Every structure is written in structure tokens, then in C-alpha cells.
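Here are the chains, one letter per residue:
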Amino acid sequence: NTGNISERLMQLQHESNNHISTSIHVHLDHDRCMEILLVSGALRELKELADQISSVRGVLRGRLTMASPTTAHIHHVGHRHTV
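Bear in mind that the values here come from a model prediction, so they are computed numbers and not experimental data.

A. Fine view of the overall build of the protein. When its secondary structure is counted, the protein shows two helices and four strands. Counting from the amino terminus, helix and strand elements in the protein follow one another as α-β-β-α-β-β. Nonlocal contacts in the protein, meaning residues at least 24 apart in sequence, comprise 26% of its contacts between residues at least 6 apart. With the model as given, the accessible surface of the protein reaches about 6,800 Å², and the carbon-plus-sulfur share is 52%.

B. Region of interest: the environment of Glu15. Among the structural elements, Glu15 can be located in helix H1 (residues 2-15). Residues Glu15 and Leu49, spaced 34 residues apart in sequence, show a C-alpha to C-alpha distance of 9.6 Å.

C. Geometry of a nonpolar patch on the surface. Side chains of Ile24, Leu28, Met34, Ile36 and Leu38 sit close together on the surface and give an oily, nonpolar patch of about 390 Å² of accessible area. With three residues, strand E2 (residues 33-39) is the single largest residue contributor to the nonpolar patch. Looking at where Met34 falls in the secondary structure, it is placed in strand E2.

D. Up close: the pattern of salt bridges. This model, assessed by the stated rule, comprises two salt bridges. Between Arg32 and Asp29 there is a salt bridge whose closest N-O contact spans 2.9 Å. Take Asp29: its relative accessible area is 35%, and that puts it in the partly exposed class. Arg44 is paired through a salt bridge with Glu45; the nearest N and O atoms lie 3.8 Å apart.

E. Structural detail: the nonpolar core. If you look at the biggest cluster of nonpolar residues, it comprises seven residues: Ile5, Leu9, Leu12, Ile20, Leu49, Ile53 and Val56. Here this core takes three residues from H1, the largest share from any one element. Among residues more than four places away in sequence, those in contact with Leu49 are Leu12, Ser16, Ile20 and Val39.

F. Quick peek at helix H2 (residues 43-54). Its 12 residues give H2 an end-to-end C-alpha distance of 16 Å, which sits within 8% of 16 Å, the value for a rise of 1.5 Å per residue. Those residues of H2 not exposed but buried are Leu46, Leu49, Ala50 and Ile53. Buried residues along H2 cover an arc of 100° about the axis, so they all sit on one side. What points out from H2, more than 90 degrees from its buried face, is the exposed set Arg44 and Asp51.

Quick notes on the rules
- Residues numbered from 1 in each chain as written.
- Predicted model: local features only at pLDDT ≥ 70, side-chain atom pairs only at ≥ 80, totals over all residues.
- Heavy atoms only, no water.
- Helix = DSSP H or I, 4+ residues; strand = E, 2+ residues; numbered from the N terminus.
- Contact = heavy atoms within 4.5 Å.
- Areas by Shrake-Rupley, 256 points an atom, 1.4 Å probe, with all protein chains shown as cover.
- Patch = residues over 30% accessible without salt bridge, like charges linked within 9 Å, V, L, I, M, F, W, Y side chains within 5 Å.
- Salt bridge = Lys/Arg side-chain N within 4 Å of Asp/Glu carboxyl O.
- Buried < 20%, exposed > 50% of the residue type's maximum accessible area, 1.4 Å probe, protein only.
- Core = buried A, V, L, I, M, F, W, Y, C linked by side-chain atoms within 4.5 Å.
- Expected span 1.5 Å × (residues − 1).
- Arc of directions from axis to C-beta.

What follows is the structure, given as C-alpha cells:
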């Protein structure tokens, strides 16, 4: 039931509002939507939030991606970057 998914995701966002600066809701098609959350905070807490969101039944895919404001590099959590 998509109503339950939406309610649970909204609940998680409200519980983590101190980390979330922006949320974007995109309609992909009649049955699927994409949520994009711009967050900041301690990596451990952001990983926990990403895990909670990804574990919601009905969420098809979730990924925490980090961007460094000083280097403009984007990293997916778990990705190793060699220089």
C-alpha cells in the first residue's frame, strides 16, 4: 500500500528534520515517485537515516551520496576514491 510507504517516509523525515534541509518529491510515472533529501550532519547519523529509509517496505532503492563543498567530488557511501 503506497499510503503506508508515504506515511512512514514522512514520519522518518519529521523525526530527522534537524538533518534535512530540503526534500524533493518527483513523480516518475503513475505508480512510482522519487524522494530526494538534501541532508547534513554526522556521517553515522546520515547512514542510519539512509538505512531506515531503505528498509521501509516498498522502497525500491535507496542510496546515500555525499558531495564535498571544497572539492566538488561526489561519493556514494562505501565507494573508495583513489587519487
